[in-house]
Amino acid sequence: MTIKSVIFLFTLITGVSGIISCGSTAQVNQDHFKEIQTWVENKQFTIEHQWASSARNGQPINLIGNYNSIEVHNDSIMVDLPYYGVRNSGTSFTNNGGISINEAIKNYRAQVDETKQRIEIQFEGRQETEQLQFYLTIYGNGRVETRVNSNERSAISYQGNIEKLSTKNESN
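Below you will find a few notes about this structure. All residue numbers refer to position in the chain's written sequence, counted from 1. Restriction of local features to residues with pLDDT of at least 70 applies here, the model being predicted, together with a cutoff of 80 or more for giving and counting side-chain atom pairs; totals for whole chains, interfaces and linings are based on all residues. Side-chain measures here rest on the full set of heavy atoms in the structure, leaving out hydrogens and waters.

What follows covers the nonpolar core. With 30 residues, the main nonpolar core has Val40, Phe45, Ile99, Ile121, Phe123, Phe134 and Ile162 as its most contacted residues. Any two residues having at least one pair of non-hydrogen atoms within 4.5 Å are treated as being in contact. With residues up to four places along the chain from it excluded, the contact list for Phe123 reads Ile70, Ile77, Ile105, Lys106, Asn107, Tyr108, Leu132, Gln133, Phe134 and Leu136. Only buried residues count toward a nonpolar core. Its members are Ala, Val, Leu, Ile, Met, Phe, Trp, Tyr and Cys residues joined through side-chain atoms within 4.5 Å. Exposure is judged per residue with a 1.4 Å probe applied to protein chains only, and the accessible area is read against the type maximum: over 50% gives exposed, under 20% gives buried, and values in between give partly exposed.

Okay, here's the thing in structure tokens:
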């Protein structure tokens, strides 16, 4: 066998295996996206963020090791997020500097874009006199971008991951 034949054969095998692996990765991503869609449709998911950035300075803040979550369970929402930003003067101030909500979910809307493998979710919440709007973009790989707007604070965004909300009766 000549060196040209060996190079041709190696190139052919490498190319074919690359095409096959890309196809299987696309299928895995498609399957994961379908799974995420089910969580969103059933309102059974949780999001944990690794990064936050305020609208004011935009510098990323590492949240790894700091508890934070958004949990959607049927028609209820539990939000526990740290807040880094500016409060508007003249507004009420709570002892909790973060964003903490545990209530029935309001104005929940989810829109699926299967072509882009993306889900856009919007909902509203209230913390005492503060009104909050949440905008979540969930990607097919499970990454999530969360943006929070408030009538009493500057906007803030978070980056993290979505998972299925586990129930107490569920075994791993």
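This part takes up the pattern of salt bridges. Salt bridges are counted wherever a side-chain nitrogen of Lys or Arg sits within 4 Å of a carboxyl oxygen of Asp or Glu. A complete count under the given rule lists 5 salt bridges for this structure. The partner of Glu114 in a salt bridge is Lys34, with the nearest N and O atoms 3.0 Å apart. Taken together, the residues Glu114 in the loop between strand E6 (106–113) and strand E7 (118–127) and Lys34 in helix H1 (residues 3–41) connect sequence positions 80 residues apart. Judged by its relative accessible area of 43%, Glu114 is partly exposed. Residue Glu103 pairs with Lys106 through a salt bridge whose shortest N-O separation is 3.0 Å. Relative accessible area serves as the criterion here: at 18%, Glu103 is assigned to the buried category. Secondary structure elements are taken from DSSP: a helix is a run of H or I of four residues or more, a strand is a run of E of two residues or more, and numbering for both begins at the N terminus.

A few words on the layout of surface pockets. Space inside the largest pocket adds up to approximately 160 Å³. Taken together, Thr46, Ile47, Glu48, Asn66, Tyr67, Asn68, Ser69, Glu71, Asn161, Glu163 and Leu165 make up the full set of residues lining the largest pocket. At the level of secondary structure, the elements contributing two or more residues to the lining of the largest pocket comprise strand E1 (44–54), strand E3 (69–73) and strand E10 (156–164). For the lining of the largest pocket, the element with the most residues is E1, which contributes 3 residues. Space inside and on the surface of the protein is sampled on a 1 Å grid over the protein atoms alone, with a cavity defined as a set of points where a 1.4 Å probe fits but cannot get out and a pocket as an open set with protein on both sides within 12 Å along at least 5 of 7 lines; lining residues have an atom within 4 Å of a point. Grid points are joined across faces, edges and corners, and a volume is the space filled by probe spheres set on the points.

Any link to function would need more than the numbers given here.
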